[in-house]
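Commentary on secondary and tertiary structure
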Amino acid sequence: MEGGVDYLIDERKKAQFDVEAMKVAWAGSRQAFELSDRIAKLVANDPIFEKFSRPMLGRKELFKNSLRKVAHAWKLIIDLRLSEEEAKLLRHYIDEPAYTDLQWEMFIPAIEGQGTEEQKRKWLPLARKMQVIGSYAQTELGHGSNVQGLETTATFDPQTDEFVIHSPTLTSSKWWPGGTAKVSTHAIVYARLILDGQFHGVHGFIVQLRNLENHTPLPGITVGDIGMKFGNGAYNTMDNGVIRFNHVHIPRNQMLMRVSQVTREGKFVQSDVPRQLLYGTMVYVRQKIVADASKALSRAVCIATRYSAVRRQFGSRNGGPEIQVIDYKTQQSRLFPLLASAYAFRFVGEWLKWLYTDVKQRLEANDFSTLPEAHACTAGLKSLTTSATADGIEECRKLCGGHGYLVSSGIPELFATYVPACTFEGDNVVMMLQVARFLVKTVSELGYKQPVGTTAYMRRVTALMQSNCAVRTAEEWLNPGVVVEAFEARSTRMAVACGQRLAKFENPEEGFAELSADLVEASLAHCQVIVVSKFVEKLQQEIPGKGVKRLLEVLFYVYALFLLHKHQGDFLATGYLTPKQASLANDQLRILYSKVRPNAIALVDSFNHTDHLLSSILGRYDGNVYPKLYEAAFNDPFNDSDIADGIHQYVQPMLRQELHSAKL
Ligand SMILES: CCCCCCCCCCCCC/C=C/C(=O)SCCNC(=O)CCNC(=O)[C@H](O)C(C)(C)COP(=O)(O)OP(=O)(O)OC[C@H]1O[C@@H](n2cnc3c(N)ncnc32)[C@H](O)[C@@H]1OP(=O)(O)O
Ligand SMILES: Cc1cc2nc3c(=O)[nH]c(=O)nc-3n(C[C@H](O)[C@H](O)[C@H](O)COP(=O)(O)OP(=O)(O)OC[C@H]3O[C@@H](n4cnc5c(N)ncnc54)[C@H](O)[C@@H]3O)c2cc1C
């Protein structure tokens, strides 16, 4: 048998649930499914959006091709009158980082969240029609995580009623802003506000970078690209930039003034809006990143699962076929938790989107009460989901053996494009330390203040600290209440233990720094409570379709019991579980894997990924792997000729022992 076509047909027949209904459950609703299915096919059928050759292109070609795709997409948006939601899906399915990500996900949201009504009236229509193209210039060569440490200055000049934007040091050069090196005409520049020699915190300013007629940088602005990034193709379609400002003047009304204002006289006015709203764009994007994690992880899992069903190694009996590698328990124990994680992240992403929408509405009505919770959730879940997704993509590469390392597997580029999500929009450790601050505060207030939102479970602190798990058989682990309580008890105990140890330090900041590694672990435990609980909440909803809910329940237990197994040190050390109970959870996990096995292909089909999106020979829907791998090898431009450039010059002289006279 040459390819794997027959294997996947047989696999699809094994499904014990309604795949079409699962597609709807994954998408969130029938309408969402139909919408994304339509846009996915629109992109897949358009040759301009071809991306298989991307890793082979040089940087300049890659970038120009990316500009062409964006222009074509914009034309489609106008010609087909696509809605904003459809346009976002279009960008997702084109699957190429580009300056438009910054325009729509950072520049516009920054103005929406931090601009005054007047500023929104002026800038938003221009940006939404792409008459100005904006980026988000916060990070500098010397500081990224420490926003208060930024060095760029915005000094008010009362004579001219302008701010003077200046980069006083090399390390104050803006460094990283996407879309900036070659494209954006404007940027939101974060800078230290200086009024009459006094520092008034870091604020955002709309700064024009380029002449709108001929695209040249404006006087006083030095701008360029920061250089090639990790991997071929991948994030190199984006022009991440460096900018240096030499006393650039901008009108006073280009400081984003919802949070604080500077008057004509140069007086600083702090409104009732908390200063943290200046960080609001990051909260928005972190929420988007969480929603995006399931998309990236599900792609890698889809590739690895299909290929694992096609690939056979060892165990042939009487000349029959060898074993499909997906039938090895080791393969299942690495792959199925990732499959379950994709579903878990999908549902927590959906919930976080709801939370963010709620917070946004409150903020618009000047209700800031839920902002700390939203910040802790977005920061923590951004960290948890991106770390797990990046690790998961790499695990999927290994699950595909040698072929996973080929660019044509689709995994290397996916990994290279995805992995910076662990760093941008807040380094994952720095983000977990923000959750830790929130947890420490929650725990220290437990005696007199009822925790709310995602920490509400800590109201039962006494019970969670004192009672122990009652599980006696592997079967008893199949109870959502039992599972969630185990996670809540472990998280509460870790947070309280950190609190008690912190209390021994005279200086709380010193204590926080000393215990920061433990605090990060406690924060992860808390974030896992959120993911596990939101999965359970999803299961409590009506989920139509034969067998769909049952399969999702199986995936829930796989996700939760896998985490319990992985972190059993915590569960045992906090004393909530006995070694016997942890071992029973592991026994149950093996049983669950055998329940996933016949449904594995149907579960990844339910993601509804097109072959275009996957861009993977190993993950092809038809499973026709080997002939296509062979064909792709000989389609590689490197195989255009049997004699590669340089052979006659450098190899032949060696073979002929003539290297001494060769021209090297
Ligand atoms: C492949 C994935 C695709 C994704 C899909 C779509 C998305 C499109 C993506 C677009 C492309 C993205 C490209 C990337 C862009 C960027 O990276 S932009 C730059 C991002 N930079 C950062 O994230 C910097 C990280 N640093 C910070 O956020 C902060 O500086 C800090 C670490 C939080 C510390 O700030 P500091 O001012 O020092 O504050 P503290 O003193 O620690 O805290 C003060 C109080 O403020 C609270 N707080 C902090 N942040 C927020 C917030 N965002 N919202 C609300 N509240 C906040 C903090 O908890 C403190 O509270 P109290 O303890 O109560 O005082
Ligand atoms: C692909 C990509 C695109 C980007 N796009 C943009 C953009 O459009 N606009 C923009 O403004 N920025 C952008 N950035 C920058 C990005 O936001 C920062 O790189 C990020 O916030 C991390 O900051 P840093 O580089 O200063 O890391 P650092 O903070 O220097 O991190 C280095 C190490 O120090 C550790 N560390 C730092 N602080 C602490 C602490 N307090 N406690 C413990 N450990 C700590 C970190 O965990 C990490 O291990 C982009 C970055 C990338 C990679």
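About the thresholds
Residues numbered from 1 in each chain as written. Chains lettered and ligands numbered in written order. Predicted model: local features only at pLDDT ≥ 70, side-chain atom pairs only at ≥ 80, totals over all residues. Heavy atoms only, no water. Phe/Tyr/Trp six-rings, centres within 6.5 Å; stacked < 30°, edge-to-face > 60°. Helix = DSSP H or I, 4+ residues; strand = E, 2+ residues; numbered from the N terminus. Buried < 20%, exposed > 50% of the residue type's maximum accessible area, 1.4 Å probe, protein only. Lys NZ or Arg CZ within 6 Å of the ring centre and 35° of its normal. UniProt positions renumbered as here; feature names shortened; annotations may be inferred. Near = heavy atom within 4 Å. Polar contact = N/O pair within 3.5 Å; in protein donor to acceptor, adjacent residues only side chain to side chain. Areas by Shrake-Rupley, 256 points an atom, 1.4 Å probe, with all protein chains shown as cover. Nonpolar A, V, L, I, M, F, W, Y, C, P; charged D, E, K, R; others polar. Core = buried A, V, L, I, M, F, W, Y, C linked by side-chain atoms within 4.5 Å. Pairing = 2+ DSSP bridges.

Some points on the packing of aromatic side chains
Two descriptors summarise a pair of aromatic rings, namely the distance from one centre to the other and the angle between the planes of the rings. Taken as a whole and judged by the stated rule, the model has 18 aromatic pairs. The interplanar angle of 40 degrees and the centroid separation of 6.3 Å between the aromatic rings of W74 and W104 together place this pair among those described as tilted. Within this pair, whereas W74 is found in helix α4 (residues 59–79), its partner W104 is found in helix α6 (residues 99–114), the two being separated by 30 residues in sequence. Its relative accessible area of 25% is what places W74 among the partly exposed residues. Each ring, one from F347 and one from F535, has its centre 5.3 Å from the other, and the planes form 70 degrees; the classification is edge-to-face. On the criterion of sequence distance, the pair formed by F347 in helix α9 (residues 329–364) and F535 in helix α16 (residues 516–539) is long-range, its members being 188 residues apart. The same class applies to F347 as to F535, namely buried. Among the aromatic residues, those joined into a ring-pair cluster are W26, Y343, F347, F535, F556, Y557 and F607. Cation over ring: R192 sits above F199, and NZ or CZ is 4.0 Å from the ring centre. Here the guanidinium or amino end of R346 rests over the ring plane of W26, the centre of that ring lying 5.9 Å away.

Notes on the UniProt feature "domain: Acyl-coenzyme A oxidase N-terminal" (unreviewed entry) in the protein
Residues annotated by UniProt as "domain: Acyl-coenzyme A oxidase N-terminal" (unreviewed entry) correspond here to residues 18–133. Helix makes up 72% of residues 18–133 and strand makes up 0%, while its end C-alpha atoms are separated by 45 Å.

Considerations on the site of ligand 1
Near ligand 1 there are 27 residues, and of these S145, Y279, R286, E425 and G426 occur at the shortest range. Within the contact set of ligand 1, an oxygen atom lies 2.4 Å away from a side-chain nitrogen or oxygen of Y279. A distance of 3.3 Å separates a nitrogen atom of ligand 1 from a polar atom in the side chain of H375. The protein chains hide 79% of the 1300 Å² of surface that ligand 1 would expose on its own. For the shell around ligand 1, a count of residues per class yields twelve nonpolar, nine polar and six charged.

Remarks on the UniProt feature "domain: Acyl-CoA oxidase C-alpha1" (unreviewed entry) in the protein
Within this structure's numbering, the places UniProt gives as "domain: Acyl-CoA oxidase C-alpha1" (unreviewed entry) are residues 279–440. Measuring from the first to the last C-alpha atom of residues 279–440 gives 21 Å, for a span that is 72% helix and 0% strand.

Some points on the nonpolar core
Counting residues in each nonpolar core, the largest one holds 120 residues, and the members touching the most others are L339, Y343 and W477. Element by element, the count of residues in this core is highest for α9, at 16 residues. Membership of the second largest hydrophobic core comes to 34 residues, among which are L102, M238, Y284 and I289.

Digging into the site of ligand 2
As a matter of local geometry, ligand 2 sits amid 20 residues, with Y136, Q138, T139, S145 and D427 nearest to it. Between ligand 2 and G178 there is a distance of 3.0 Å, counted from an oxygen atom to a backbone nitrogen or oxygen. Within the complex, 63% of the 980 Å² of free accessible area of ligand 2 lies under protein. At three residues, the largest contribution of residues to the shell around ligand 2 is made by helix α12 (residues 428–444). The residue inventory of the shell around ligand 2, partitioned by class, reads ten nonpolar, eight polar and two charged.

Quick word on unusual backbone geometry
Despite not being glycine, D95 shows a phi value in the positive range, around 60 degrees. Even without glycine at this site, N366 takes up a positive phi of about 60 degrees.

Side note on the sheet that holds strand β7 (residues 221–225)
Two orientations exist for strands paired in a sheet by backbone hydrogen bonds: parallel and antiparallel. Reading across from one edge, β4-β8-β7 is the order of the three strands in this open sheet, with antiparallel pairing throughout. A strand with exactly one partner marks an edge of an open sheet, and here the two such strands are β4 (174–175) and β7. Where β4 lies against strand β8 (residues 241–245), two bridges are found, and the strand directions are antiparallel. Residue pairing for β8: K174 is matched across the bridge by I243.

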